[in-house]
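Coordinates in review
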Amino acid sequence: MKKLGLLLLVVFASVALFGCSTSEFKVDGEFMAFETSVHTNGAMQVTMVSVIIENGEIVGYNIDARQGTKTQTAGADTTEDTTDDVYTFAWNTKTKKQLGDAYNMVTYGNAIAEWYVQAGRIEAAMLANGVDSVTSDAETHVIDNVAGVTMKDSGYTELAAAAIELAKQGKFQAIYCSGTDLYMASMVVEKGEITNLTLDTLQKKSTLANPAVFEWNDKTKQALGADYGMKERGAQYTFANGVWTATENSPTHEWFEQANLITNYIMETGNVYNLRTLNGRGISVDGSTIVDGLAGVTVKTETYLLVLTDLFSNVATGQLK
């Protein structure tokens, strides 16, 4: 009787242990959350935090940000009248981490350490003790309990928590910065299958309240839908003999419809790495002909293929069927 009781105890303990060790994360890879904003210099900014999942466990975090620059191209700096001021905006070619020591937070900000060094310390603290363990001053927002860190929590902990939630959902995200646009792609993976794939873009407002301060559009292209007005304002392009030619006709598809044609094709075929543009537009595999079923895609597609390729690279090997 004692032996039976002991055996049952071992069985129940094993079941309990197995239940507790079952991971919330069903897909391995790098899951990123991001947030757009405007930097204090008046240019655009995007902040990204990723959580890395291996074998169903969190093994690391990655904090980064990309900023933009603004350049005054017209107007007088010496007068208060700004009506004639004109500024252009452009993304920096490197993120804060990629800049490394060249970000110069020590030299120009009297910081205790460069930005990428402090970001690494925050990442290590979150990995060792959890995202909630990192705290900041309620008024200054400066992180106050990670040794060697004196910079503000500029949404890093919130984005880390959001990245964890994305990992639980199996939702991957990728972004690509070009011009003044932010190109975005997302994908949900369940049991090795892609159940959702979306391509999107967020742009600058066409008219700025202050010409020296960047403003993001209120809606993405997908959210705008038919209101983006490509059929009203755009030109229809035809491809022949290796050349795209604009016609007087309107496009047959709105932007979101063209984007969805691309993502639907990828979901059906699993083909993303072999896709290429035809002289910058459309979708091709061989580099000379349009993919069957994608004749309606005539927008410039190079950046879309770049962000989609980056998206798929975030999925760990063997996680997709």
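From a predicted model like this one, the values you see are computed outputs, not experimental measurements. (Residues numbered from 1 in each chain as written. Predicted model: local features only at pLDDT ≥ 70, side-chain atom pairs only at ≥ 80, totals over all residues. Heavy atoms only, no water.)

1. Concerning the side chain of Ser50
Following the sequence through the fold, Ser50 ends up in strand S2 (residues 44-54). Relative accessible area serves as the criterion here: at 5%, Ser50 is assigned to the buried category. A polar contact of 3.3 Å, which involves the side chain of Ser50, links it to the side chain of Glu30. Setting aside residues no more than four positions away along its own chain, Ser50 makes contact with Glu30, Phe31, Met32, Gly60, Tyr61, Asn62 and Ala163. (Helix = DSSP H or I, 4+ residues; strand = E, 2+ residues; numbered from the N terminus. Buried < 20%, exposed > 50% of the residue type's maximum accessible area, 1.4 Å probe, protein only. Polar contact = N/O pair within 3.5 Å; in protein donor to acceptor, adjacent residues only side chain to side chain. Contact = heavy atoms within 4.5 Å.)

2. Some remarks on the packing of aromatic side chains
Scanning all chains against the criterion turns up 9 aromatic pairs. On the basis of an interplanar angle of 25 degrees and a centroid distance of 4.1 Å, the ring pair of Phe31 and Phe172 is categorised as stacked. Residue Phe31 is found in strand S1 (residues 29-38), and its partner Phe172 is found in strand S5 (residues 171-178); the two are separated by 141 residues along the sequence. Across the pair, exposure class does not vary: Phe31 and Phe172 are buried alike. A centroid spacing of 6.0 Å and a plane angle of 40 degrees characterise the contact between Trp91 and Trp216, whose relative ring orientation is tilted. Taken together, the residues span a long stretch of sequence, with Trp91 in strand S4 (residues 86-91) and Trp216 in the loop between strand S7 (193-202) and helix H6 (221-224) at a distance of 125 residues. Of the aromatic side chains, those joined through ring pairs into one cluster are Phe89, Trp91, Phe214 and Trp216. Sitting over the face of the ring of Tyr237, Arg281 holds its NZ or CZ atom 3.7 Å from the ring centroid. (Phe/Tyr/Trp six-rings, centres within 6.5 Å; stacked < 30°, edge-to-face > 60°. Lys NZ or Arg CZ within 6 Å of the ring centre and 35° of its normal.)

3. Here we look at the pattern of salt bridges
Evaluation of the coordinates by the stated rule reveals 5 salt bridges. Put simply, Lys97 and Glu123 hold a salt bridge, and the shortest N to O gap is 2.5 Å. Linking Lys97 in helix H2 (residues 96-99) with Glu123 in helix H4 (residues 115-129), this pair joins segments that are 26 residues apart in sequence. Residue Lys97 is classed as partly exposed on the basis of its relative accessible area, which comes to 25%. Among the salt bridges present, the one from Lys205 reaches Asp218, with a minimum N-O distance of 3.7 Å. Of this pair, Lys205 sits in the loop between S7 and H6 while Asp218 sits in the loop between S7 and H6, and the two are 13 residues apart along the sequence. Judged by its relative accessible area of 21%, Lys205 is partly exposed. (Salt bridge = Lys/Arg side-chain N within 4 Å of Asp/Glu carboxyl O.)

4. Comments concerning the sheet that holds S7
Across the sheet, which stays open at both edges, the 3 strands sit in the order S5-S6-S7 with antiparallel pairing between neighbours. The sheet is open, and its two edges are formed by S5 and S7, each paired on a single side. In this sheet, neighbouring strand axes are inclined to one another by 15 degrees on average, regardless of whether the strands run parallel or antiparallel. Sheet topology places S5 next to strand S6 (residues 181-190); 8 bridges connect them, and they run antiparallel. Paired with Ile175 across the bridge in S6 is Met184. (Pairing = 2+ DSSP bridges. Axes fitted to C-alpha atoms, helices over the stretch in contact; angles between N-to-C directions.)

5. Observations concerning the side chain of Gln236
Within the fold, Gln236 resides in the loop between helix H7 (230-233) and strand S8 (237-240). On the accessibility criterion, Gln236 (13% relative accessible area) is buried. A polar atom in the side chain of Gln236 sits 3.4 Å from the backbone nitrogen of Thr252. Dropping the residues within four chain positions of it, Gln236 is found in contact with Thr245, Ala246, Thr247, Asn249, Ser250, Pro251, Thr252 and Thr298.

6. So, helix H9 (residues 302-313)
With 12 residues, H9 should reach 16 Å at 1.5 Å per residue; the first-to-last C-alpha distance of 17 Å fits that figure. By the burial criterion, the buried members of H9 are Thr303, Tyr304, Leu305, Val307, Leu308, Leu311 and Phe312. (Expected span 1.5 Å × (residues − 1).)

7. What to know about helix H5 (residues 156-169)
An ideal rise of 1.5 Å per residue puts 20 Å on 14 residues; H5 measures up with 20 Å between its terminal C-alpha atoms. Of all the residues in H5, the buried ones are Tyr156, Thr157, Leu159, Ala160, Ala163, Ile164, Leu166 and Ala167. The positive-phi residue at the C-terminal boundary of H5 is Gly170, with phi of around 70 degrees.

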